[in-house]
Each structure stands twice: as structure tokens, then as C-alpha cells.
Amino acid sequence: MNYRTFGRTGWPVSEIGYGMWGMAGWTGSDDNQSARALKLAVELGCNFFDTAWAYGNGHSERLLGQLIRAFPDRHLYTASKVPPKNRAWPSRRHHTLDDCYPPEYVRRYIEHSLSNTGLETLDLMQLHTWEDAWLADDRWVQELDRAKTAGKIGAVGISVNRWEPWNGVAAVRSGLVDSVQVIYNIFDQNPQDDLFPACREHQVAVIARVPFDEGTLTGKLTLESIWPEGDWRNTYFVEENLRSSIARAEPLKELVPPDSTMAAMALRFILDEAVVSTVIPGMRKLRHVRANMAASQAGRLEAALIRQLCQHRWDRMPTEWSQ
């Protein structure tokens, strides 16, 4: 496993981290399987774990706490998120701070996350949605600063809405946040335009999420793909999105290097961007953990292939189903 510096915090984090949404927010989750996958990830060098209260109403956080206690001699970096009070993902331009993150509410959910994990401190606490307009009301950062001073959290981050990397640039430039979590993958390259340069200039850590475009960039989805009732992917992969996503993914199969996979290529594309501190694929099965962790050891893709993959940029606008 290779490690990178997490922005100005100086933390040495594994460049392949662990996204824990699927362990509580998707159908088919199994706690025993999840525990084995998490344990294997640590053994293979992963030390950054990203969760949220919203992932199973604290269930994923409880799994993370169990993992931390299972490895008392290792520093595993813990990141969680305060859910918006109005439970609206993504946030909308008209949402106010009081709609989403009033100070007393932020304080209460930090306590919820600490209680769920059973930890005294969480390394990183993020707001699960974000609007740059909220910079005009500094009550959110005052509350998070109080939590830092009290030793309850170590750093402050924001999670940027899907397909809106521009809506976080001002926050990065403000100097008020230590990290930004954003969708970045072969399709979603637009963070390179303005967000990544700002993060580089201000030493703000970048957490790259959705590396496989919710599964499209594994190359395994088909027009017949279905998910169990109640699974979030049924609301995301509506017919319009499923058809266009598969059509976009199909040409990428021809570019996969020998003895590799499309998923590994997708991860290595992200790791070619030096400003990325860690990428957080979701993993529930042991074979997925092994494959994703191996992407770090595989090294960089050839420059010619990176140039080819850059041509598959897909600029998308938020819709009713994009969430």
C-alpha cells in the first residue's frame, strides 16, 4: 500500500481508503461479511475509513468502532458525516444553514457519531451536503471549531454534491475546511477544472468518492441489471441513466491493460491525480478488498492510456434521479 499526505493535516493515509456506505445503506449487507472485509483491508495496509451517520442510521459507524477496537495498536483514520437536518441529498440552492446544519443540531450529531463508534475522537467530521452560500453564515464552522477544541474531532471537511464540484471551490479558498470529498472518476473529471487547483493551492485534502460511477466503471452492468426492492441503485439507474452509462462504459473495455480489470484501471486513473489524498471504493466482499488494495501496488497507468481515458470525460448536470 502506498500512502499520501492528507492535506495540511499531515496525516499519512492509504491512497486506497474504504467507503462504508454499502455496509449499511445497500441491500444485501451482512455484518459478518463486512467485518471480515474491513479486517482484511487493515491487514493489507488500508488506514482510512469513511462512514456517515446516514449509512444505516449509525449502523456503519458502529461497525467502524468495532474495527478500531480490533486493532488497538494501529492508527486507523476515522471520517464520518453529519446528515442534513432536512434529510435532503443533494442540497438545493434555496436551502439555508438552519434547514441543514444549525449549530445545536451539528453538536448533537457529532455526539451521536461518537456514541455509535464508541470513540472519544473522530479524526474527520464532514458535512454530508454543502452549499458555498453557507460561507456567509459562520455558525457552522464555529460549532465545528468548538468540537475540535474539545478534542471530539480532529479536522473539518465537506462532501460536495454530485456533479457540482464548482460548489465547494469558495469553501476551499476560505481556509475553513481541511478536506473536500468529491466524485472523481474516468467520467467525472470536472473537479480538475477549478476544485483541484484550489485544493492544491490551499493544501486541502481530496477524498475521491464513487470511483466506479456506482458500478458502471466495473464494466459489469448490463441493460438487464436489476437490484432488490428498496436498493438505492434502483432509483439511480433509471432506464435513461442505465442506458447512457452502459453506452459510455462499453468503449472503455477495449482500453483495459493486459492482466488487469476495468475496475483496477478506474482506480489507477484516479491515483494518477496527485492532489487526491485517498480514494474510497465501497467493498463488501473479500475479493473486492484484495482487488482494490492491489491497485495501489500496480502503480501508474501509462501516460498514453491516461490521455485516452481523459477523452471519456462526461460532463453531467444534476437531475431528479442523480441524488
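Residues numbered from 1 in each chain as written. Predicted model: local features only at pLDDT ≥ 70, side-chain atom pairs only at ≥ 80, totals over all residues. Heavy atoms only, no water.

Trainee: I would appreciate a short explanation of the overall build of the protein in the present structure.
Mentor: Looking only at helices and strands, one finds 12 helices and 10 strands in the protein. Here the C-alpha radius of gyration of the protein, 19 Å, is about what a compact globule of 323 residues would show, namely 20 Å. Considered along the principal axes of its C-alpha atoms, the protein spans approximately 50 × 45 × 40 Å. Considering the protein as a whole, with its 323 residues, one finds that 58% of them fall into the buried category. For the protein, the proportion of contacts with a sequence separation of at least 24, taken over those separated by at least 6, is 77%. (Helix = DSSP H or I, 4+ residues; strand = E, 2+ residues; numbered from the N terminus. Rg over C-alpha atoms; globule rule 2.2 N^0.38 Å. Buried < 20%, exposed > 50% of the residue type's maximum accessible area, 1.4 Å probe, protein only. Contact = heavy atoms within 4.5 Å.)

Trainee: Looking at this structure, I do not really get unusual backbone geometry. What am I missing?
Mentor: Negative phi values dominate among residues other than glycine, just as trans dominates among peptide bonds. The peptide bond linking Trp89 to Pro90 adopts the cis configuration, its omega dihedral lying at -5°. Summarising the element assignment, Pro90 is placed in the loop between β5 (77–82) and α3 (97–100). A positive phi is found at Asn57, a non-glycine position, where the angle reads about 50°. Among the structural elements, Asn57 can be located in the loop between β4 (48–50) and α2 (59–70). Look at Trp163: it is not a glycine, yet its phi comes out positive at around 65°. In this structure, Trp163 sits in the loop between β7 (153–159) and α6 (169–174). Classification of Trp163 by relative accessible area gives buried; the value is 6%.

Trainee: I would appreciate a short explanation of the packing of aromatic side chains in the present structure.
Mentor: Think of a pair of aromatic rings as described by two things: how far the centres are apart, and how the planes are tilted against each other in angle. Scanning the model with the defined rule gives 19 aromatic pairs in all. What links up through ring pairs into an aromatic cluster is the set Trp21, Tyr55, Trp163, Trp227, Trp232, Tyr236, Phe237 and Trp321. We note Arg162 situated over the ring of Trp163; from NZ or CZ to the ring centre the distance is 5.8 Å. One cation-aromatic arrangement involves Arg316 over Trp314; the distance from NZ or CZ to the ring centre is 4.0 Å. (Phe/Tyr/Trp six-rings, centres within 6.5 Å; stacked < 30°, edge-to-face > 60°. Lys NZ or Arg CZ within 6 Å of the ring centre and 35° of its normal.)

Trainee: Sorry if this is basic, but what is going on with the pattern of salt bridges here?
Mentor: Side chains that differ in sign of charge can pair as their charged atoms come close. Across all of its chains, the model carries 22 salt bridges by this definition. Measuring nitrogen to oxygen at the nearest pair gives 3.2 Å for the salt bridge that ties Asp178 to Arg8. One end of the pair, Asp178, is in the loop between α6 and β8 (179–183); the other, Arg8, is in the loop between β1 (3–6) and β2 (11–14), with 170 residues separating them in the sequence. A residue is classified by how much of its surface remains accessible, and Asp178, at 10% relative accessible area, is buried. With relative accessibility at 34%, the residue Arg8 sits in the partly exposed group. The shortest N-O distance in the salt bridge between Glu143 and Arg146 comes to 2.9 Å. Note that Glu143 and Arg146 are positioned in helix α5 (residues 139–149) at a spacing of three residues, about one turn of the helix. (Salt bridge = Lys/Arg side-chain N within 4 Å of Asp/Glu carboxyl O.)

Trainee: How should I be thinking about the pairing of β8 in this particular structure?
Mentor: Walk down a regular strand and you will see the side chains alternate between the two sheet faces. Judged by how many residues are buried, β8 sits mostly within the fold: five of five residues are covered. Residues of β8 alternate between two faces, with Ser179, Gln181 and Ile183 on one and Val180 and Val182 on the opposite face, all of them buried. As paired strands, β7 and β8 are joined by three bridges and run parallel to one another. Opposite Ser159, over in β8, you have Gln181 as the bridge partner. In this region the chain leaves β7, passes through α6 and returns to the parallel neighbour β8; the handedness of that crossover is right-handed. Strand direction decides the pairing type here: β8 and strand β9 (residues 205–209), joined by five bridges, are parallel. (Pairing = 2+ DSSP bridges. Right-handed = clockwise from strand over helix to strand, strands pointing away.)

Trainee: Whenever I open this one, the environment of Pro257 confuses me. Can you help?
Mentor: The topology assignment puts Pro257 in the loop between α9 (239–249) and α10 (262–271). Considering only alpha carbons, one finds Pro257 and Leu301, 44 residues apart in sequence, at a separation of 8.7 Å. Sequence-distant contacts of Pro257, that is, excluding residues within four places in its chain, are made with Met265, Leu301 and Leu305.

Trainee: I tried to follow the side chain of Asn161 on my own but got confused; where do I start?
Mentor: For Asn161, the position within the fold is in the loop between β7 and α6. By relative accessible area, Asn161 is classed as buried at 6%. In this structure the side chain of Asn161 is engaged in a polar contact, spanning 3.0 Å, whose partner is the side chain of Ser91. Among all residues touching Asn161, those that are not within four sequence positions of it are Pro90, Ser91, Arg93, Thr129, Trp130, Glu131, Asn167 and Arg209. (Polar contact = N/O pair within 3.5 Å; in protein donor to acceptor, adjacent residues only side chain to side chain.)

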